[in-house]
Amino acid sequence: MHMNTQPTRFTQGTQKQPQRRYTSLMGMLFNAAGLTESFHRQPRDKAEGVDGVGKADYESNLVANLADLSARLRRMGYRPKPAKRVYIPKASGGQRPLGIPSFEDRVVQDRLSRILQMIWEPEFRECSYGFRPNKSAHDALTRLNHIIVEERTQWVVEADIKGFFDRVHHQHLVRFVEHRIGDSNLLRVIQRFLKAGILEDGMFYASDEGTPQGGLVSPVLANIYLHYVLDLWFEQRFAHGCQGKAYLVRYADDFVGCFECEADARGFEQALKARLAQFALEVEPSKTALLRFGDLAPALCKREGDRRPRTFNFLGFTHYIALKRGRAKLGRKTQRERVRKNLKALGARLQALRTEGTRAMQEYVRLHLRGHIQYFGVRGNSRSVRTYVFHVERLLFKWINQRSQRPSFNWPQYHDWIRNWFPRPRIVHAL
């Protein structure tokens, strides 16, 4: 079906008829005003792609560059450049690969992702929280808290898909996208992004599967993939056959299943493996477990000879059952591996910033702590946040005093200096 290219009308149309299949979307992609809007959404400090072009370079001849880009998209002469491969450390050890797109590809991916988002957002399920407008990790944590405390589920299956972004099967993904998109040219643009490949140490590697983490269109493509593979399957097929209550909470490829009955939880653990295998995916064994977890868990675990219920990790928090005045309640604290990784990365960054001066180190720590407190400052996690702030305070003291052979501060001077600017621990989210 042809759709008006104005985003407001388009969004209204997708909401009124969420199962429509759209056959004329390229006009929205090469629309000059839309590309301009996507250009202005790009931050200036992002790493450059394989062509070495940044936002300032592109902006120096912006009108001509965007006109040329629009024309190439219109005549299907646009071809994405390979993404530049970089690695970042993972909380569990090892390294996570990221693909950095060229700046122009970021503009097109931003525009494309917004079109896909407008089409699928009315269709995405309530259990999905990652990379969606007006939804956040804290919303997912709030929902999980409600399920365990209010719905009184007693079993949890924590799960993680092994190397998900690197294993997305292109044929399955295109088939899923074709459920809603019949515009062959837009489908070709999506396939060109999927096949753009990676450039690493001067060597080109073709992309036969996966969507590179770092690409702006990857999150919505991942949500589309898991919408069909996991969310719909769980809600419309698996949960209907359960004896008791069954819920799913998913953030990107990280998800938790909560069940009232043990048999349902064990059934999900087995059915999940079979379901993922149909789409060339598998669970990560080290991050997948079934455990008794609910308000009855402390008493039942004690009866079975366990000191206390096991814990599970989700979205950077370790969740546990605690007893307060004889009643079980859900507790959460910052995941230990996340603390170690963040402090290690911060120490390396401060070490590198010594040559740029005290002001640069001060500003980096201020922003780092603000971000940490904003995310991890949830009710019940105050001790973890205070401990983290304490370690950051000591790290900064260490590296600021190693800028030269003569120390910059002793402890009293240091505490006087940080008193007026150092972020204080606080609770931001009540959940």
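Fair warning: this is a prediction, and the values are worked out from it, not measured in the lab.

What counts as what
Residues numbered from 1 in each chain as written. Predicted model: local features only at pLDDT ≥ 70, side-chain atom pairs only at ≥ 80, totals over all residues. Heavy atoms only, no water. Helix = DSSP H or I, 4+ residues; strand = E, 2+ residues; numbered from the N terminus. Rg over C-alpha atoms; globule rule 2.2 N^0.38 Å. Buried < 20%, exposed > 50% of the residue type's maximum accessible area, 1.4 Å probe, protein only. Contact = heavy atoms within 4.5 Å. Areas by Shrake-Rupley, 256 points an atom, 1.4 Å probe, with all protein chains shown as cover. Pairing = 2+ DSSP bridges. Axes fitted to C-alpha atoms, helices over the stretch in contact; angles between N-to-C directions. Lys, Arg positive; Asp, Glu negative; His and termini not counted. Salt bridge = Lys/Arg side-chain N within 4 Å of Asp/Glu carboxyl O. Polar contact = N/O pair within 3.5 Å; in protein donor to acceptor, adjacent residues only side chain to side chain.

What follows concerns the overall build of the protein chain. When you go through the protein chain residue by residue, the secondary structure sums to 17 helices and eleven strands. Relative to the 2.2 N^0.38 estimate, which gives 22 Å for 431 residues, the radius of gyration of the protein chain is 24 Å and therefore close to what a compact globule would have. Viewed in the frame of its principal axes, the protein chain has a C-alpha envelope of about 70 × 65 × 40 Å. Looking at the 431 residues of the protein chain, the share that counts as buried comes to 48%. Contacts in the protein chain between residues at least 24 apart in sequence constitute 69% of all its contacts with a sequence separation of at least 6. A total accessible area of about 21,500 Å² is found for the protein chain, and carbon and sulfur atoms account for 47% of it.

Quick look at the sheet that holds strand E10 (residues 317-324) now. What the three strands build is an open sheet, ordered E9-E10-E11; its pairing is antiparallel. At either margin of the open sheet sits one strand with a lone partner, and together these are strand E9 (312-314) and strand E11 (327-334). On average, adjacent strands in this sheet sit at an angle of 40 degrees to one another, irrespective of strand direction. Where E10 lies against E11, eight bridges are found, and the strand directions are antiparallel. Within the sheet, the bridge partner assigned to Lys324 lies in E11 and is Arg327.

Attention shifts here to the side chain of Lys55. Locating Lys55 in the fold gives a position in helix H4 (residues 55-59). No salt bridge is formed by the buried Lys55; its nearest oppositely charged neighbour, Glu59, is found at 6.1 Å. Of the polar contacts made by the side chain of Lys55, one reaches the backbone oxygen of Gln42; its length is 2.6 Å. If we ignore the near neighbours within four places in the chain, the residues touching Lys55 are Phe39, His40, Gln42, Pro43, Arg44 and Phe103.

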